[in-house]
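Spelled out from the first residue to the last, the chains are:
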6 protein chains.
Amino acid sequence: MKRIAIYPGSFDPVTNGHIDIIRRAAGIFDLLVVGVLNNSVKKATFTVRERVQMLNTTVALPNVEIKSFSGLLVDFVQENKAIAIIKGLRAVSDFEYECQMALINKKMLPACDTFFMPTAQEYSFLSSGIVKEMARYGGSLKGLVPECLERVIAEKCAISRSEVQKPSLP
Amino acid sequence: MKRIAIYPGSFDPVTNGHIDIIRRAAGIFDLLVVGVLNNSVKKATFTVRERVQMLNTTVALPNVEIKSFSGLLVDFVQENKAIAIIKGLRAVSDFEYECQMALINKKMLPACDTFFMPTAQEYSFLSSGIVKEMARYGGSLKGLVPECLERVIAEKCAISRSEVQKPSLP
Amino acid sequence: MKRIAIYPGSFDPVTNGHIDIIRRAAGIFDLLVVGVLNNSVKKATFTVRERVQMLNTTVALPNVEIKSFSGLLVDFVQENKAIAIIKGLRAVSDFEYECQMALINKKMLPACDTFFMPTAQEYSFLSSGIVKEMARYGGSLKGLVPECLERVIAEKCAISRSEVQKPSLP
Amino acid sequence: MKRIAIYPGSFDPVTNGHIDIIRRAAGIFDLLVVGVLNNSVKKATFTVRERVQMLNTTVALPNVEIKSFSGLLVDFVQENKAIAIIKGLRAVSDFEYECQMALINKKMLPACDTFFMPTAQEYSFLSSGIVKEMARYGGSLKGLVPECLERVIAEKCAISRSEVQKPSLP
Amino acid sequence: MKRIAIYPGSFDPVTNGHIDIIRRAAGIFDLLVVGVLNNSVKKATFTVRERVQMLNTTVALPNVEIKSFSGLLVDFVQENKAIAIIKGLRAVSDFEYECQMALINKKMLPACDTFFMPTAQEYSFLSSGIVKEMARYGGSLKGLVPECLERVIAEKCAISRSEVQKPSLP
Amino acid sequence: MKRIAIYPGSFDPVTNGHIDIIRRAAGIFDLLVVGVLNNSVKKATFTVRERVQMLNTTVALPNVEIKSFSGLLVDFVQENKAIAIIKGLRAVSDFEYECQMALINKKMLPACDTFFMPTAQEYSFLSSGIVKEMARYGGSLKGLVPECLERVIAEKCAISRSEVQKPSLP
């Protein structure tokens, strides 16, 4: 039996923290399916297609597949015959929310367990939101996102930056 | 002197966690007034009228009254001559926010105390937000909300589901 | 039916934070039994007799009784026909431990609920341990413990202070 | 060498908690620059000009300057030749977020350190958001914001209050 | 390549929470080595031999081995050619400590990752310490520890109970 | 007026995390007094004399003084005419305890404020306790403690290691 795990997320955009989790989780399971959430409620900066492409560009491991999904995570888990969900954990606030999610997913799909991986120390401050905030103001993304994505992420966020209303103070 | 307590909340929608707190708190006080917050700032999925009705349909205890209120909680407490505010607590993040609220309410109305009740173990993952998220994607609400409300909640959330834009990825 | 609650603790020694919780909880229940834990494992600074006496000296409310107990809290709750356990909460770390205790007590005695009361703002830093540490080094206990107990607490802790080995540095 | 620190924030509106931090931090550094963030993404209730004016009206310390800034905090720190960032901390949730910010700022500008000051006990429940919520419903702001600002804050929040849709329940 | 994981702990005594983690982790790895820590500093209630035996009596999965170890966890991981450490997580306080341990173990042995599994909901209050405290006072262990161990755990803790000094209050 | 700060601690033993805080705090104040606590209650592994010497060996900054103290921190603060207490913060659990201490110290000595510095990212897992645990089992201390102290710390902890009873399992 092949052991399959899902690593779900928004990846809006991909960070080095995500890549680190993918690499480590891929060492444990026979197949790791990275699931890019197409959230119909919360608007993303990058389209699902762009986010899938960013991951495909960066990750070149034989036992990792990049897919998008919408709807309930447990449905996606079942479609992929996965036995585990992988989540990265940075902080206590992550932990509480993710524990609640793990409990409700366990209730809906008892055969599937959630495994938490602590974020590598050098990425403990890193999130997609922080990357976007830095890019918006022209901060360097070096070391925060995969090198091959630095430019595309900086440009996309700079676009939405120009749309922003000018500060009203002289 | 009749001992009156207020159990305030959004109840958007009512969950089995809410019903459990109501039942337990009603065993301690002479009268428990469930206060449905009509929050003019944060838009609710269910109208106040619907939320009051959901509670009335489900709760049939002689010493529980369902009311709606808007404005400051301490004003509602005074109107009802209550001596206590009841809040359910699930997680550490709840706890910090609710402690701040309890302190400010105590400052404004020193005669009224806040009592926290830990959520029953089987509902520790349960919130109105999670119920709505599950209903939106057609997940089962069995065991999460009162049986008599399962259908009305599922339908209401399914309506807002159809309004959602279709995922753009093939 | 008389509504009886238990407020258990070590009270080693009594602080103004304890007295504040007792006064507020006594306003909600018909009878509040303060249960002084005679913990056979963890050695206390004050004897159970002294701790019961400290509470009797300070609390003069008609519907409050001071008792000592050993063994399981739920047994003491049942002996006293109580329907509620009262605990004061200061910090997040209190909260987690007390939630676990509340869950296990609920499991053993489903008819009894735990209610948490947030410590009054002015006592949020206060614990029996801090009182002892301050008394040991001759710090003032004014405002930390009931005025009538200041001297007895200071003297008791000063005794154990003299037993302490002298610092070895010149 | 003059030791300069930055105390950044939204100050939307100024509270007594902010004033307390300013006063205490000004006792440690040669110059404290209060930086009012002109956040182009998150809409504020008060304009940057109003927020700067509120601080100027209230703070009259010789070594405190009030400025506004937009963009990255570390750029503002460098422009002002500051060696430290000051943040007030109320709760555990503040702490985690601020630690992440401190780490990323340290990474971008290693020469600058973040110092946290615990909020004074009497303001531990106080935030700009709570002030606005209270003002919206006509609650008293006494003791929460500087006396000279009570009226202007109450009026501004009352304006946005009248714009709010009327509750739909009779 | 065989994927081997270590599940380390004191197991003093074994609880149903431990057994649940073992069963779930064994479904993910080719071999799960349960490592019973022989801690020379912190005295245990049960001997290492007894703890290993308790686990052997209860766990009958073909890909689970029970071993004892002393010294550094990373040395034990290397001896067993394991690629992962499994830890169960109950609460926020667990989480922080275990994250620090995971970081230091990662630093010492970069090839080995720590995976956290959230404790099953029905065991979230359960720890070895609570089991011992309940057994000491004659509380029922039903549902807390494996059925076949109830008696031996109750008896061992009752022995140390008799050794305890009698309460001094009449 | 000279601005003086106290950095108190047990330093049992000194770690690179301590040294990092000392270096950064010394950049802010005119004089930083490192206060080595001679705790008469909690027994230390290293004598006060050894701990003072470890700091003197490692720290060679002109505006840093190493002293030992016993008794209340606020008394030591006053003796040194300090206006600030510096504490390093690693985790949420540190934060809560240190906030309580800061509040009680502020109450006893209103003229003195506590400043928290977040531990540098690379030392977020590091504590004196972890250093001792690693040294006890022969783990490398490289990068955890100042290089010049590695040997003396390893030897001291190895001594107490030999005293430990042999594991009883064959």
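Residues numbered from 1 in each chain as written. Chains lettered and ligands numbered in written order. Predicted model: local features only at pLDDT ≥ 70, side-chain atom pairs only at ≥ 80, totals over all residues. Heavy atoms only, no water.

Here helix H1 (residues 16-26) of chain F lies mainly inside the structure; 10 of its 11 residues are buried. Looking at where H1 of chain F begins, the residue whose side-chain oxygen comes 3.1 Å from the main-chain nitrogen of glycine 17 of chain F is threonine 15 of chain F. (Buried < 20%, exposed > 50% of the residue type's maximum accessible area, 1.4 Å probe, protein only. Helix = DSSP H or I, 4+ residues; strand = E, 2+ residues; numbered from the N terminus. Polar contact = N/O pair within 3.5 Å; in protein donor to acceptor, adjacent residues only side chain to side chain.)

A few words now on the interface of chain A and chain E. If you look at the interface, chain A gives 27 residues, while chain E gives 27 residues. Buried surface at the junction of chain A and chain E, both sides included, amounts to about 2300 Å², of which 68% is carbon and sulfur. Summed over the shared surface of chain A and chain E, the number is four salt bridges. Notably, a salt bridge pairs aspartate 113 of chain E with arginine 24 of chain A, separated by 2.7 Å at the nearest N-O pair. Inspection of the region where chain A meets chain E yields seven residue pairs in polar contact (both at pLDDT 80 or more). Breaking the side of chain A that touches chain E down by element, the ones donating at least two residues are strand E4 (84-89), helix H4 (92-108) and strand E5 (113-118) of chain A. Top contributing element to the side of chain A that touches chain E by residue count: H4 of chain A, with seven residues. (Contact = heavy atoms within 4.5 Å. Buried area = accessible area lost by both parts, 1.4 Å probe. Salt bridge = Lys/Arg side-chain N within 4 Å of Asp/Glu carboxyl O.)

Once that is clear, we can look at the relation of the copies chain A and chain E. For the pair chain A and chain E, the relating rotation is 180 degrees, the translation along its axis is 0.0 Å, and the fit reaches an RMSD of 0.0 Å. What we have between these two chains is a two-fold relation. Within chain A, the C-alpha atom positioned nearest to the axis of rotation is that of phenylalanine 116 of chain A, 2.4 Å from it. When the interface residues of chain A are mapped onto chain E, 100% of them are again interface residues, pointing to one common binding face. (Least-squares fit on C-alpha atoms with pLDDT ≥ 70 in both.)

Another point: the arrangement of the chains. Spatially, chain A is disjoint from chain C: no contact exists, and the shortest C-alpha separation is 12 Å. Across the gap from chain B to chain F, with no contact made, the nearest C-alpha atoms are 12 Å apart.

The next point concerns the pairing of strand E1 (residues 4-9) of chain C. All names here are of chain C. Extensive coverage of E1 is indicated by the burial of six of its six residues. Burial along E1 is two-sided: the residues Ile4, Ile6 and Pro8 and Ala5, Tyr7 and Gly9 are all buried. Where E1 meets strand E2 (residues 31-37), six bridges bridge the pair, whose relative direction is parallel. Bridging from a neighbouring strand, isoleucine 4 pairs with leucine 31 of E2. Sheet analysis places E1 next to strand E4 (residues 84-89), joined by two bridges and oriented parallel. In the strand pairing of E4, alanine 5 is matched with alanine 84. (Pairing = 2+ DSSP bridges.)

In this section: the relation of the copies chain B and chain E. With an RMSD of 0.0 Å, chain B superimposes on chain E once it is rotated by 180 degrees and translated 0.0 Å along the axis. Same-surface contact between copies: 100% of interface residues of chain B are shared with the interface of chain E.

With that out of the way, let us pick up the interface of chain B and chain E. Every contact between the two is made by six residues of chain B and, on the other side, six residues of chain E. A buried area of about 310 Å², summed over both sides, lies between chain B and chain E, and 45% of it is on carbon and sulfur atoms. The three residues of chain B that bury the most area against chain E are Val92, Gln121 and Phe125 of chain B, which together make up 88% of that side's buried surface. Where chain B packs against chain E, one counts zero salt bridges. Run the count over chain B and chain E and you get five residue pairs in polar contact (both at pLDDT 80 or more). Residue classes in the side of chain B that touches chain E are distributed as three nonpolar, two polar and one charged. (Nonpolar A, V, L, I, M, F, W, Y, C, P; charged D, E, K, R; others polar.)

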